[in-house]
Amino acid sequence: MNIPHGRTAAASTESAASRAVQITFAALLGVFVLGGVGFSHISAVHNATHDVRHANAFPCH
């Protein structure tokens, strides 16, 4: 495996694990936003994201 200057295999693995954690949390945040906000019964929350949801073809009605 060709590792860039000053990096070790452990650092490379740690970096990959860090990216996986970040991607997982981003996906969970996205699911929360679409599910929690997309189907919210609070008018202010619903209206604040209404246009973005429809622009992304996400049904909210």
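Residues numbered from 1 in each chain as written. Predicted model: local features only at pLDDT ≥ 70, side-chain atom pairs only at ≥ 80, totals over all residues. Heavy atoms only, no water.

Asker: Any chance you could explain helix α2 (residues 43-55) here in plain terms?
Answerer: Owing to its 3.6 residues per turn, the α-helix brings residues three or four apart onto one side. Between its first and last C-alpha atoms α2 spans 19 Å; for 13 residues at 1.5 Å apiece the expected length is 18 Å, and the two agree. The sharpest bend along α2 reaches about 45° and sits at threonine 49. Downstream of α2 by a residue or two, alanine 57 has a phi angle that is positive, lying close to 60°. (Helix = DSSP H or I, 4+ residues; strand = E, 2+ residues; numbered from the N terminus. Expected span 1.5 Å × (residues − 1). Bend = angle between axes of the 7 residues up to and from the residue.)

Asker: Help me out: how do you make sense of a nonpolar patch on the surface in this one?
Answerer: On the surface, Val21, Phe25 and Leu28 cluster together into a nonpolar patch covering about 310 Å² of accessible area. If you trace the backbone, phenylalanine 25 turns up in helix α1 (residues 9-37). (Patch = residues over 30% accessible without salt bridge, like charges linked within 9 Å, V, L, I, M, F, W, Y side chains within 5 Å. Areas by Shrake-Rupley, 256 points an atom, 1.4 Å probe, with all protein chains shown as cover. Salt bridge = Lys/Arg side-chain N within 4 Å of Asp/Glu carboxyl O.)

Purely geometric stuff here, so don't read any function into it on its own.
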